[in-house]
Amino acid sequence: MDSNYSVTIPWNETVELQQDKEYCIVYDKKKQETYKIGFHEYRKIYSIPGLYEYLFYDKLKCCSPEKVCSFLERAIKTESLDMIDLHVLDLGAGNGMVGEQLRNVGVKTVYGLDIEKLAEKAVKRDRPTVYNDYYVADLTHLPQSLRDELNKKRFNCLVAVAALGFSVPPEVLIQGINLLSTPGWVAFNIKEDFLSGDDLTGFYFLIRNMIENDILDVRLQERYQHRLSIQGKPLYYIAIVGKKKADIPTEWLSKFKLCM
């Protein structure tokens with residue numbers, strides 16, 4: 001990480017925090033200023049070189065980019081297909097760690113998309129050769145010109161890692177899946193709580209109905225440890241890899257009240 005900063009994670013937090021309330025303390029040595037940065041304040045995190053990797057991978061032992069990409073590779077190989085045939089849209093691409101893992105498992109064509117402009121800047125700074133191109137856009141308010149451009153890419157695979165539920169609402173996943181050709185591949189992970197009947201985000205109903213309506217043919221589903229909490233407790237996610245068999249009907253957006 002940038003040596004001009006030091007980072008403290010409050011491991012001894014007396015009150016157990018919800019995942020979206022976790023934070024770290026960053027000290028800027030040059031300015032001699034201290035900042036409290038929430039783990040979902042991506043704009044602030046991406047602005048400090050190496051902070052994202054230091055927090056989530058070095059300290060909290062996140063393994064999701066590697067896990068989800070390896071699960072996708074496993075599913076593809078069971079179909080006797082080749083990873084080089086995938087044209088991947090990395091949804092919520094962030095600073096490019098998932099794109100890097102996709103390259104590691106043999107994907108040659110991968111495009112990134114994120115709503116955060118500083119994510120694109122972080123990719124250009126830290127991983128400039130990972131993506132064929134990188135888009136800063138909100139899929140829920142996509143200009144027609146950009147939609148046409150994305151459709152021309154003929155994506156046959158969508159990957160979304162560690163974004164669904166907290167920073168990415170169900171509507172975004174719907175729009176992303178509908179950008180894929182049919183058939184196409186979908187690989188994502190999601191906090192296991194969001195797949196329970198008590199889930200309020202809409203993902204439980206969306207994923208259940210995709211499966212029941214033969215829109216998503218699940219080929220692999222696995223529970224694994226995503227990372228540690230700041231109390232050092234394991235946080236479990238579900239990885240799902242499946243085959244898209246049809247577009248998701250747009251009326252689902254109102255049916256499940258997914259527009260946010």
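Figured I'd write up the structure that's included with this text.

## As for the sheet that holds strand β7 (residues 157-160)
For step 1, the next point in the chain: One open sheet holds the seven strands; their spatial order is β6-β5-β4-β7-β8-β10-β9, and the pairing between them is mixed. A single partner strand is all that each edge strand has here, and the edge strands are β6 (133-136) and β9 (216-228). Across this sheet, the average inter-strand angle for adjacent strands is 20°, counted without regard to direction.
For step 2, the next point in the chain: Contacts from helix α7 (residues 170-178) reach β4 (87-91), β7, β8 (184-191) and β10 (234-244) within the one sheet, and its direction differs from that of β7 by about 155°.

## Digging into the environment of K245
For step 1, the next point in the chain: Note on placement: K245 falls in the loop between β10 and α9 (252-255).
For step 2, the next point in the chain: The exposure class of K245 is partly exposed, given its relative accessible area of 40%.
For step 3, the next point in the chain: Separated by 62 residues in sequence, K245 and P183 place their C-alpha atoms 5.2 Å apart.
For step 4, the next point in the chain: Ignoring any residue separated from it by four or fewer positions in sequence, one finds K245 in contact with T182, D214, I215 and D217.
For step 5, the next point in the chain: Side chain to side chain, K245 and D214 meet in a polar contact 3.2 Å long.

## Description of the pairing of strand β5 (residues 109-114)
For step 1, the next point in the chain: Across the six residues of β5, six count as buried, placing the element largely inside the fold.
For step 2, the next point in the chain: Burial of the side chains of β5 extends over both faces: T109, Y111 and L113 are buried on one face and V110, G112 and D114 on the other.
For step 3, the next point in the chain: Bridge count for β4 against β5 is five bridges, and the pairing is parallel. Within the sheet, the bridge partner assigned to L89 lies in β5 and is Y111.
For step 4, the next point in the chain: Note that the unit made of β4, helix α4 (residues 97-104) and β5 has a crossover that is right-handed.
For step 5, the next point in the chain: Of the strand pairs in this sheet, β5 and β6 are connected by four bridges, and their pairing is parallel. Across the sheet, Y111 pairs through a bridge with D133, a residue of β6.

Basis of the calculations
- Residues numbered from 1 in each chain as written.
- Predicted model: local features only at pLDDT ≥ 70, side-chain atom pairs only at ≥ 80, totals over all residues.
- Heavy atoms only, no water.
- Pairing = 2+ DSSP bridges.
- Helix = DSSP H or I, 4+ residues; strand = E, 2+ residues; numbered from the N terminus.
- Axes fitted to C-alpha atoms, helices over the stretch in contact; angles between N-to-C directions.
- Contact = heavy atoms within 4.5 Å.
- Buried < 20%, exposed > 50% of the residue type's maximum accessible area, 1.4 Å probe, protein only.
- Polar contact = N/O pair within 3.5 Å; in protein donor to acceptor, adjacent residues only side chain to side chain.
- Right-handed = clockwise from strand over helix to strand, strands pointing away.

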